[in-house]
Amino acid sequence: SIANPNNFFRGFLGAAVREGLWTCGYLSIPPIVRRNLREMYPDKFDTDNKARVPAALLGGLFACYLTQPFDTVKTCMQGDIERKTYGTFTQTAKKISEDGFTAFYRGATFRYGRMVCAVFMMDYLQAAVGPLLYPSAFK
């Protein structure tokens, strides 16, 4: 039944893994890439904003393509709340894999573009808001 309280947690494993990898993609990769680009190519990347673009491209790449299979399984599970096609996480992954490995990456191109924009904005906001919230950490 749709009113089953267990439906609240349907796809939770996929969401948890996706969110963990996504967080790594937008919190850790851009600052590392940005810093390395500024140190290795100071003439080309003379500002954080210039280095932020390739950093966002790499952070988004990591975040998108590592999380996409988990997001696909989660979305299929949550879309089939009555469990007519998709059962557990493992059963759902097996069912999707019947269409080949690329079935896990349907829609990834659009998602990548969206994630690059999000990673860029979050990296920029982290740099702009961080010193306001935690001034002692940026001295």
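This text follows the structure it describes.
Read on for a plain summary of the structure. Keep in mind that what you see is a predicted model, and the values were worked out from it rather than measured.

## Some details on unusual backbone geometry
Part 1 of the reasoning: Although it is not a glycine, Arg 83 adopts a positive phi angle of roughly 60°.
Part 2 of the reasoning: Tracing the backbone shows Arg 83 in the loop between α3 (48-79) and α4 (89-97).
Part 3 of the reasoning: By relative accessible area, Arg 83 is classed as partly exposed at 39%.

## Looking at the side chain of Thr 72
Part 1 of the reasoning: Turning to its location among the elements, Thr 72 is positioned in helix α3.
Part 2 of the reasoning: Other than its neighbours up to four places away in sequence, Thr 72 contacts Ile 96, Ala 103 and Phe 104.

## As for helix α1 (residues 12-27)
Part 1 of the reasoning: Look at α1: 22 Å from first C-alpha to last across 16 residues, which is about the 22 Å you get at 1.5 Å a residue.
Part 2 of the reasoning: For α1, every residue scored as buried is listed here: Gly 14, Ala 15, Arg 18, Trp 22, Gly 25 and Tyr 26. All buried residues of α1 fall inside an arc of 90° around its axis, so they share one side.
Part 3 of the reasoning: Where α1 is buried, its residues meet α2 (29-40), α3, α4 and α5 (108-133).

## So, the packing of aromatic side chains
Part 1 of the reasoning: Applying the stated rule across the entire model yields seven aromatic pairs.
Part 2 of the reasoning: Arranged with centres 6.4 Å apart and planes meeting at 20°, the rings of Phe 70 and Phe 89 form a pair that is stacked. One end of the pair, Phe 70, is in helix α3; the other, Phe 89, is in helix α4, and 19 residues separate them in sequence.

## With respect to a nonpolar patch on the surface
Part 1 of the reasoning: Side chains of Tyr 124, Leu 125, Val 129, Leu 133, Tyr 134 and Phe 138 sit close together on the surface and give an oily, nonpolar patch of about 640 Å² of accessible area.
Part 2 of the reasoning: Relative to the helices and strands, Phe 138 resides in the segment after α5.

## Structural notes on the nonpolar core
Part 1 of the reasoning: Listed in full, the nine residues of the largest apolar core are Trp 22, Tyr 26, Ala 56, Ala 63, Cys 64, Ala 108, Met 115, Val 116 and Val 119.
Part 2 of the reasoning: At the level of elements, α1, α3 and α5 are the ones that each hand at least two residues to this core.
Part 3 of the reasoning: For this core, the leading source of residues is α5, giving four residues.
Part 4 of the reasoning: Not counting residues within four places of it along the chain, the set of residues in contact with Tyr 26 comprises Val 119 and Met 122.

Analysis parameters
Residues numbered from 1 in each chain as written. Predicted model: local features only at pLDDT ≥ 70, side-chain atom pairs only at ≥ 80, totals over all residues. Heavy atoms only, no water. Helix = DSSP H or I, 4+ residues; strand = E, 2+ residues; numbered from the N terminus. Buried < 20%, exposed > 50% of the residue type's maximum accessible area, 1.4 Å probe, protein only. Contact = heavy atoms within 4.5 Å. Expected span 1.5 Å × (residues − 1). Arc of directions from axis to C-beta. Phe/Tyr/Trp six-rings, centres within 6.5 Å; stacked < 30°, edge-to-face > 60°. Patch = residues over 30% accessible without salt bridge, like charges linked within 9 Å, V, L, I, M, F, W, Y side chains within 5 Å. Areas by Shrake-Rupley, 256 points an atom, 1.4 Å probe, with all protein chains shown as cover. Salt bridge = Lys/Arg side-chain N within 4 Å of Asp/Glu carboxyl O. Core = buried A, V, L, I, M, F, W, Y, C linked by side-chain atoms within 4.5 Å.

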